[in-house]
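Structural features, examined
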Amino acid sequence: MTDWEWQQYAIETQAIRAGQRRTSEQEHSDPIFATSSYVFDSAEDAAARFSGKIPGNIYSRFTNPTVRAFEERLAALESGERCIAVTSGMAAIATTAFGLLKAGDHVVCSRSVFGNTVLLFQNYLSKFGVTTTFVDMTDYAAWETAVRPETRFLFLETPSNPLTEIADIHRIATIARQNGSLLVVDNCFCTPALQKPLDLGADIVVHSATKYLDGQGRCVGGAIVGRQELLDKEIYPFLRTGGPSMSPFNAWVFLKGLETLAIRMRAHSENALNLAEWLEAQSWVKRVYYPGLPSHPQHELAVRQQFAGGGIVSFEVEGGREGAWNLIDSTRLLSITANLGDVKTTITHPATTTHGRLSENERAAAGISEGLVRIAVGLENIDDIRRDLLRAFA
């Protein structure tokens, strides 16, 4: 089917059917094309494919049927025209940056992003003459002020990691468009099951497929979704030359993950809201961060912009790092790991894991305290999750 035809179906159907092309074997499940290269009918055929005169597989660094199936399925889910699959979520951001930026360009980035995203812009892209201005994600005047004539794109992660702050995608997209810049949105926490940045005005969406797109913590991968012309002209050439390529096996695992994405995200959100409400009632919890709570500062925006609150709950406890570590170490059911998006509930201390490479001042500016704990709420029985935390506190 064409991209337009897939948009006529609900997301649950797209997640199961889009992108599949049966071979002559008439398989019902998606096949894994475990091949590095492809055979051409003739030297002329090979030359035509390499030059782009005719479509077809060339080399699995940049063309593979299993990877293409994942790309087409995710593009359909995000209401995008094109998807490029890469090796990791950070590779998705780096590939986007290397494809779009040149020396002298400027980026405006939210302070409330994954720690390695800050380091990529601050420590590595700066080596190639790219400058970055970091702003508070909900200070829209700061976004407007930070934009310069040489600003190539604005970068945003919403909800943010780990405080689940919400930024108005449409409003920031308008700022970008008025200044001739692009808006890139990291949609890792919500996935297209809960939020569609392209429909809200974003130009590019990036994903860590490692998280909710997989859903069971099995593989590492990333993806970039946007307009066909923009991705083909600016970003795909870097994939073809630089080679941050997704393996066919990982693409197949992500295809299987996408099949249950919508139902999983609803279940994650239901469990997370239940846990957040319970945590707010606990005397040993100082503050809870979750978009589905009326106490969240951007709750009304979250209700308008997202279909549900997502699976991430963060909260502060008394006693700073010692209090947070004692709680984490005393759990028995929850997995102590910095990964998220798994059916298994995970718990971590952001100040010393996901954001541990940032300076103390940078963490303070991002609102990440020593007493902050982040839980990626899984699909276990919610009573068991609550019981494990209550036992850990006691």
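Scope of this entry: the structure provided in the associated data block. Note that the coordinates shown come from a computational prediction; the quantities given were computed from them, not determined experimentally.

**Concerning the overall build of the protein**
In terms of helices and strands, the protein carries 16 helices and 12 strands. For the protein, the C-alpha radius of gyration of 21 Å lies close to 21 Å, the compact-globule estimate for 394 residues. Principal-axis analysis of the C-alpha atoms gives the protein an extent of 75 × 50 × 35 Å. When the 394 residues of the protein are sorted by exposure, 56% land in the buried category. For the protein, the share of sequence-separated contacts (at least 6 apart) that also reach a separation of at least 24 residues comes to 72%. Split by element, the accessible area of the protein, about 16700 Å² in all, is 51% carbon and sulfur. For the protein, the distance from the average site of its 37 positive side-chain charges to the average site of its 45 negative ones is 3 Å.

**Regarding the nonpolar core**
Counting 57 residues, the largest nonpolar core has F70, W143, L154, L156 and L183 as the members making the most contacts within it. For this core, the leading source of residues is helix α4 (residues 65-77), giving 6 residues. The contact partners of L156, leaving out residues within four places of it in the chain, are S110, M137, W143, A167, I169, I172, L183, V184, V185 and D186. Formed by 34 residues, the second largest nonpolar core is a distinct cluster that contains F62, F153, I204 and I235.

**Some remarks on helix α10 (residues 228-242)**
The terminal C-alpha atoms of α10 lie 20 Å apart, and with 15 residues this matches the ideal 21 Å at 1.5 Å per residue to within 8%. A maximum bend of about 45 degrees is found in α10 at I235, where proline P237 lies one to four positions downstream. Residues of α10 that are buried: L230, L231, I235, Y236 and L239. The inward-facing, buried residues of α10 abut β1 (82-86), α5 (89-100), β5 (182-186), β6 (204-208) and β7 (222-226). Residue G243 follows α10 closely and has a positive phi angle near 80 degrees.

**As for the sheet that holds strand β8 (residues 285-289)**
Pairing in this open sheet of 5 strands is mixed, and the strands run β8-β9-β12-β11-β10 from one edge to the other. Both edges of this open sheet fall to β8 and β10 (335-336), since each of them pairs with a single strand only. Pairing analysis gives 4 bridges linking β8 to strand β9 (residues 312-317), with the strands arranged antiparallel. Bridge assignment links V285 to a residue of β9, and that residue is V317. The strands touched by helix α14 (residues 320-330) are β9, β10, β11 (346-348) and β12 (372-376); relative to β9, the strand with the most contacts, the crossing angle is about 125 degrees.

Conventions adopted
Residues numbered from 1 in each chain as written. Predicted model: local features only at pLDDT ≥ 70, side-chain atom pairs only at ≥ 80, totals over all residues. Heavy atoms only, no water. Helix = DSSP H or I, 4+ residues; strand = E, 2+ residues; numbered from the N terminus. Rg over C-alpha atoms; globule rule 2.2 N^0.38 Å. Buried < 20%, exposed > 50% of the residue type's maximum accessible area, 1.4 Å probe, protein only. Contact = heavy atoms within 4.5 Å. Areas by Shrake-Rupley, 256 points an atom, 1.4 Å probe, with all protein chains shown as cover. Lys, Arg positive; Asp, Glu negative; His and termini not counted. Charge placed at Lys NZ, Arg CZ, Asp CG, Glu CD. Core = buried A, V, L, I, M, F, W, Y, C linked by side-chain atoms within 4.5 Å. Expected span 1.5 Å × (residues − 1). Bend = angle between axes of the 7 residues up to and from the residue. Pairing = 2+ DSSP bridges. Axes fitted to C-alpha atoms, helices over the stretch in contact; angles between N-to-C directions.

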